[in-house]
Protein chains: 2
Amino acid sequence: MKAVGLVAEYNPFHNGHRYHLQQAKKLTGADVVVAVMSGNFVQRGVPAIVDKWHRAHEALTNGVDLVIELPVFYAVQPAHLFAAGALRLLAGLGVQDVVFGAEHPEWNFQEMVQAERQFRSANFHHYNATFATQFNQELVKQTGHQLVDPNDILAFAYQKAKVDQGLSVHLWPIKRQGNDYHDRQVEGSIASATAIRQAVADGRVPSAAMPAASAADLAMVRAVPSWQQLYPLLRNQLIQAPVEQLATTYEVAEGLEYRMKDAAERHLDFDSFQRAVKSKRYTYARLLRAEFYLLLQATVDQVERQMSRPYYHVLGFTVAGQQYLHQVKKQLPYPLIVKVDQRLKDGLLNLDYRTGKIYQTFTNDEQDLKRPPLCG
Amino acid sequence: MKAVGLVAEYNPFHNGHRYHLQQAKKLTGADVVVAVMSGNFVQRGVPAIVDKWHRAHEALTNGVDLVIELPVFYAVQPAHLFAAGALRLLAGLGVQDVVFGAEHPEWNFQEMVQAERQFRSANFHHYNATFATQFNQELVKQTGHQLVDPNDILAFAYQKAKVDQGLSVHLWPIKRQGNDYHDRQVEGSIASATAIRQAVADGRVPSAAMPAASAADLAMVRAVPSWQQLYPLLRNQLIQAPVEQLATTYEVAEGLEYRMKDAAERHLDFDSFQRAVKSKRYTYARLLRAEFYLLLQATVDQVERQMSRPYYHVLGFTVAGQQYLHQVKKQLPYPLIVKVDQRLKDGLLNLDYRTGKIYQTFTNDEQDLKRPPLCG
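Residues numbered from 1 in each chain as written. Chains lettered and ligands numbered in written order. Predicted model: local features only at pLDDT ≥ 70, side-chain atom pairs only at ≥ 80, totals over all residues. Heavy atoms only, no water.

J.: Describe empty space enclosed by the protein, naming the residues involved and giving the relevant values.
T.: Considering all chains together, one arrives at 4 cavities of 30 Å³ or more under this definition. Volume-wise, the largest cavity comes out at about 80 Å³. Lining the largest cavity are Leu-233, Asn-236, Gln-237, Leu-294, Leu-295 and Gln-297 of chain A together with Leu-233, Asn-236, Gln-237, Leu-294, Leu-295 and Gln-297 of chain B. The set of elements that each furnish at least two residues to the lining of the largest cavity consists of helix H10 (227-240) and helix H14 (284-295) of chain A together with helix H10 (227-240) and helix H14 (284-295) of chain B. Looking at the lining of the largest cavity residue by residue, the classes come out as 6 nonpolar, 6 polar and no charged. Counted as a void, the second largest cavity has a volume near 60 Å³. Residues belonging to the lining of the second largest cavity are distributed by class as follows: 5 nonpolar, 3 polar and 3 charged. (1 Å grid on protein atoms, 1.4 Å probe; cavity = no way out; pocket = protein on both sides within 12 Å on 5 of 7 lines; lining within 4 Å. Points joined across faces, edges and corners; volume = space filled by probe spheres on them. Helix = DSSP H or I, 4+ residues; strand = E, 2+ residues; numbered from the N terminus. Nonpolar A, V, L, I, M, F, W, Y, C, P; charged D, E, K, R; others polar.)

J.: So what about the pattern of salt bridges? Which residues, and what values?
T.: Residue and element names in this part refer to chain A. The final tally for this structure, using the stated rule, is 28 salt bridges over all chains. The partner of Glu-251 in a salt bridge is Arg-286, and the shortest N-O contact between them spans 3.9 Å. Within this pair, whereas Glu-251 is found in the loop between helix H11 (243-246) and helix H12 (256-266), its partner Arg-286 is found in helix H14, the two being separated by 35 residues in sequence. Arg-286 matches Glu-251 in its accessibility class, with the two residues each being buried. (Salt bridge = Lys/Arg side-chain N within 4 Å of Asp/Glu carboxyl O. Buried < 20%, exposed > 50% of the residue type's maximum accessible area, 1.4 Å probe, protein only.)

J.: Which residues make up the pairing of strand E4 (residues 97-102) of chain A, and what are the values?
T.: Residues and elements named next belong to chain A. Counted residue by residue, E4 has 6 buried out of 6 residues, so it is predominantly covered. Burial of the side chains of E4 extends over both faces: Asp-97, Val-99 and Gly-101 are buried on one face and Val-98, Phe-100 and Ala-102 on the other. Relative to E4, strand E1 (residues 3-8) runs parallel, the two sharing 2 bridges. What sits directly across from Val-4, in E4, is Asp-97. In terms of strand pairing, E4 meets strand E5 (residues 170-175) through 6 bridges, oriented parallel. For Gly-101, the partnering residue across the bridge sits in E5 and is Ile-174. (Pairing = 2+ DSSP bridges.)

J.: I'd like a rundown of the environment of Asp-346 of chain A, residues and numbers included.
T.: Mapped onto the secondary structure, Asp-346 of chain A falls in helix H17 (residues 342-346). Each C-alpha atom of the pair Asp-346 of chain A and Leu-294 of chain A lies 19 Å from the other, and the pair is 52 residues apart in sequence.

And the structure:
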């Protein structure tokens, strides 16, 4: 059996995702579709609109054969770490092809990666806004293009991860369909996930833009999970923990611990807190990720140690997906987990487990312990 | 000017409190009444029904001349530490008499303290339930009485604190008026604070049982502050912090950290969490205090260090109270604080400040920073 790999958030799964996976299968001639999917928090550091099990179910009933959770220490990360983690897992699963959307699939991302390597070695050590801006200036000179669109940035990151990890997997950037990522309106049968989430927040489920399973899940959402609801937890952590401890949190340092503590003491709602913390130095996504790790009280040490110890947590499979898993499971480079027991929740999967406990702010369902994979 | 000292929670201030302070003045011939009052959390580890400023206002408009906040590290404590802290502050304020309610004011509490000292040196090191039971058995033999009523236990604790601290202050246990502490019904013009709080929780303000200021404050209470509302904060702390860190929290140890973490993972509401944690070893009040210090992330070191560094935080005074303060302020053994500035909130008053931030779960009002004393 031949598998094609996808990296997804499915937040929620919509018609664009279905089109994408059909294209992926056609292009690569794969028998099965394997998706590595963010769990209960997505890359930007925000809670998913429905939990990972519902989103896995949406995917399984619409063409995905095997859904593996992208562990939180890979999922809630900047693009380059997100892409590197996802590609590492897909390659380990024996996937030969990975298909992903890009705004400019025609670009030579490999050339860009080489340009970036030369630029990086000559210049900066950190991947921050200043770096991105200066790198783009250099990139325009060398290739005529700039990395601005989030999907192009991810496409670049997959290419870079492939080179860095020395993988033989084939990368297929394909043109994204339908509305722009940032479009807020839902029109027709293809809409962005952002637009769909906004519609749900406004009290409508735009059923035409998604399969029935997704529409059914969204119809159950009473309030869209948001940071507003999590803010009391974040605020108390920022106020009560000493700054020295806050500074050991993953993604919190360089004075952010003081800035955030001060803002938490002054602000009782999340939006005004965020405005007080925001500076040119950090994007909102960067802040949200730092805030997520504060909620999780996850230290730099814990997260970095886990990044070198990934695993395959199976959220669900079809019959074909299960067969594929059976075919590859003896060669997997990392542990295969089909059910989280007491030992795993306190050990290897602890960060995902604790993320699920935070997600219980929105839904009472236990997210990990003793849950078997879904059968699609 | 001669002052009489009271130790109070005023949760809320009611007719029984007014009667008590009038008696105290009459008995001792004092010119002014000085009350040391719990802040936003009371001795049992629960949030007060209205904040400390409102309760200080109720007291000032009903006969108290000077309200000093009992710092949280003295207030949220078992009876012996609560009484010792309050008496230490009152004695330092130059108060010659302290009047307090007791169920059995006729008992010889001094004799009981001596009996306890002999018993303690012969037996136990810790003040736990087993100790109390065995001590009571011994006490009956020696004095014919048992310490069961909470006010008798406090009366004993004041006597013990006086002896331990070598104070010359005169202690006046007086008979409590009206309904029993545990009575839940409000009848007539004297009712217990417990009964009043229950009535407010049921949507009624029993105005006949309290002065107008208290009735006005209670009329503004939309939801009685409770641990149900704080539980998400406690739960996240218990889940996210490592057990080793939880075990450094004041009043959390001896395995309670494991028991609480496990219960927090399993239970989404506070009542079922409490039932899961409860054992014969700990009373509910003991658990609530431990849970309060968990919310505050206050370590044994922090709390114990602060217990040896108290201060006088003035919540309010009448003209007479201000005159009295002026008279004694040069001899105060601990710092006098009339307004909390940036330095104090991060330093000496940090635990009270952080307690106020937790209390903002119930009311948006800033509780400490830059608030001047009330003028009654």
